[in-house]
Amino acid sequence: MQKFMHALKRYPKRLNFQFSTMKVNQISIIEDMGRARELTREQIRILNEQPRLYEEIREKQEERLSKIEEMRVYNNPYNDQNPKNLVQVKVVRGAEKPLEVAREPFILLKEPRKQKIKVEGVRRNVPGSMQKHFLFMRQIIGLQIYDAINYLSQQKRQSAKYVLHTLQMVRRHAVEKGMDEVRLFVADAITNKWRRFKKLRYHAKGRASMMKKDISQLRIRLEEKPVEEIYEMMLKGKTPASIAGMLREKLETNNASYADIKKHNWILTAKGRQQRRLFLKRRVLQAHNEFKTNGIYVGRKLIERNIVKEEAAVFTEKYNRSRQEDLQSSLLERERLFKSREES
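Colleague: Tell me what's going on with the packing of helix 5 (residues 145-153) against helix 6 (residues 158-176), and back it up with residues and numbers.
Modeller: Contact pair helix 5 / helix 6: the axes reach a minimum separation of 9 Å and the direction vectors enclose 155°. If you check the angle between helix 5 and helix 6, you find them roughly antiparallel. Like other packed secondary-structure pairs, helix 5 and helix 6 cross with a definite hand, here left-handed. Across the interface between the two elements, Ile 145, Tyr 146, Ala 148, Ile 149, Leu 152 and Ser 153 of helix 5 pack against Ala 160, Val 163, Leu 164, Leu 167 and Arg 171 of helix 6.

Below, the structure written as structure tokens:
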């Protein structure tokens, strides 16, 4: 006892006893779920009378939580079983008959991809490893043919020159087959291993080591995109730099007016292409909000695709009509020249 009192005086913070708050009444301690619980005699008497009391309380809590979850799912705005989420039918005042609603649901079918004309070229026995050529091959995928040639011609490494020669070879094949050079894009650019030669490299003092020389294979595939798809790229603000450059040269040669330059500004400059992307984004957001106010949910990507397709279809009609008119005028001009030569 003397040692305990001495320790209490010396270390009062370690022995933090509160004699005034200690329980002095008789309690019973039983083990429940692996831990000790303090229960009074009244609680023990209730448990003896109702042994399933805690299980019933737990079941009621689970039932209440399940009802809350069902109500949350039912009140979800995308739940079709809730009649509040259904599209309301608008009835025109003064009409004799109400508007007819289609019973069958509207199903958006996936459109099949159109087959594109492609030209493939392979060059074997290209000096250099696959890793060296792969750095430049992956950069030209998806580029217009002039942009790819311009990028490769600016590089100083030897592997870029090999890729450039292969690209020009495939380009010549495509032109010979009658494909439009302006609409040519790089669809695929694949680098493969071809061969590996091993020979000795001689060092001083009669030593030698193995020298490896890799030879690769380059495969490039070009595709001719339709006019409609190219115009869709232009509407999205992704006009290739080469096409914008050709349009600038054409306007300069024709001495275009300020109004014509302003009309094509969204193609000619990078700032104009940026503004085009911003305007398209605003149109999509405006259409999305209009559908939302009417109680119809339509994705923004679908709205953007429909807007671009409608404008591209109108442009392709005008383009095909203008080409037919130019062809007809050139034929008439040739007939006139032929008749004038015959008369003379």
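There's more to say after this.
Colleague: Which residues make up the pattern of salt bridges, and what values do they have?
Modeller: Within this structure, the stated rule accounts for 20 salt bridges. Residue Arg 196 pairs with Asp 214 through a salt bridge whose shortest N-O separation is 2.6 Å. Taken together, the residues span a long stretch of sequence, with Arg 196 in strand 4 (residues 184-202) and Asp 214 in strand 5 (residues 208-224) at a distance of 18 residues. Notably, a salt bridge pairs Glu 229 with Lys 225, separated by 4.0 Å at the nearest N-O pair. Residue Glu 229 is classed as partly exposed on the basis of its relative accessible area of 24%. Look at Lys 225 and you get buried, because its relative accessible area is 12%. Connected through shared salt-bridge partners, Arg 52, Glu 55, Glu 56 and Glu 59 make up one network.

Colleague: Any chance you could break down the packing of helix 4 (residues 130-137) against helix 6 for me, citing the residues and the numbers?
Modeller: Following both chains from N to C, one finds helix 4 and helix 6 inclined at 60°, their axes separated by 9 Å at the closest point. Considering only the axes of helix 4 and helix 6, their crossing is right-handed. Together, Lys 132, His 133, Phe 136 and Met 137 of helix 4 and Ser 159, Ala 160, Tyr 162 and Val 163 of helix 6 make up the contact between the two elements. Among the residues making up the contact of helix 4 with helix 6, the classes are represented as 5 nonpolar, 2 polar and 1 charged.

Colleague: Just give me the short version of the packing of aromatic side chains, but keep the residues and values in it.
Modeller: Using the criterion set out here, one finds 3 aromatic pairs in the structure. Note on Tyr 231 and Trp 266: the rings are 6.4 Å apart at their centroids and 85° apart in plane angle, and the pair reads as edge-to-face. Taken together, the positions of Tyr 231 in helix 7 (residues 227-235) and Trp 266 in helix 10 (residues 265-268) put the pair 35 residues apart, joining distant regions of the chain. Residues Tyr 231 and Trp 266 agree in their burial class; the two are buried. Here Tyr 231 and Phe 315 contribute two aromatic rings whose centre-to-centre distance is 3.7 Å and whose plane-to-plane angle is 5°, an arrangement assigned as stacked. Of this pair, Tyr 231 sits in helix 7 while Phe 315 sits in helix 12 (residues 300-343), and the two are 84 residues apart along the sequence.

Colleague: So, helix 6: which residues are in play, and what are the values?
Modeller: Given a rise of 1.5 Å per residue, 19 residues ought to cover 27 Å, and the 28 Å separating the end C-alpha atoms of helix 6 matches this to within 8%. Those residues of helix 6 not exposed but buried are Ser 159, Ala 160, Tyr 162, Val 163, Leu 164, Thr 166, Leu 167, Val 170 and Ala 174. Close packing links the buried residues of helix 6 with strand 3 (117-127), helix 4, helix 5, strand 4 and strand 5. Directly after helix 6, the chain includes Gly 178, whose backbone phi takes a positive value near 90°.

Colleague: Provide a residue-level description of helix 8 (residues 241-253), including the pertinent values.
Modeller: Compared with an ideal rise of 1.5 Å per residue, which puts 13 residues at 18 Å, helix 8 spans 19 Å between its outermost C-alpha atoms and is within 8% of the ideal. Among the residues making up helix 8, those that are buried are Ser 242, Ile 243, Ala 244, Gly 245 and Leu 251. Against the buried residues of helix 8 lie helix 5, helix 7, helix 10 and helix 11 (270-293). Following helix 8 by one or two positions, Asn 255 adopts a phi angle in the positive range, close to 50°.

Colleague: Let's hear about the sheet that holds strand 4: which residues, and what values?
Modeller: Taken together, 3 strands build an open sheet; the order of strands is 3-5-4 and the sheet is antiparallel. This sheet does not close on itself; its edge strands, each paired only once, are strand 3 and strand 4. For this sheet, the mean inter-axis angle between neighbouring strands, taken without regard to orientation, is 15°. With 9 bridges joining them, strand 3 and strand 5 adopt antiparallel strand pairing. Looking at strand 5, one finds that Pro 127 is bridged to Ile 215. In the packing of helix 4 onto the sheet, contacts are made with strand 3, strand 4 and strand 5, and the angle to strand 4 comes to roughly 160°. Along the sheet, helix 6 contacts strand 3, strand 4 and strand 5; its crossing angle with strand 3, the most-contacted strand, is approximately 145°.

Analysis parameters
- Residues numbered from 1 in each chain as written.
- Predicted model: local features only at pLDDT ≥ 70, side-chain atom pairs only at ≥ 80, totals over all residues.
- Heavy atoms only, no water.
- Axes fitted to C-alpha atoms, helices over the stretch in contact; angles between N-to-C directions.
- Helix = DSSP H or I, 4+ residues; strand = E, 2+ residues; numbered from the N terminus.
- Parallel < 35°, antiparallel > 145°, perpendicular 65-115°, else oblique.
- Left-handed = near helix turned anticlockwise from the far one by under 90°.
- Contact = heavy atoms within 4.5 Å.
- Salt bridge = Lys/Arg side-chain N within 4 Å of Asp/Glu carboxyl O.
- Buried < 20%, exposed > 50% of the residue type's maximum accessible area, 1.4 Å probe, protein only.
- Nonpolar A, V, L, I, M, F, W, Y, C, P; charged D, E, K, R; others polar.
- Phe/Tyr/Trp six-rings, centres within 6.5 Å; stacked < 30°, edge-to-face > 60°.
- Expected span 1.5 Å × (residues − 1).
- Pairing = 2+ DSSP bridges.

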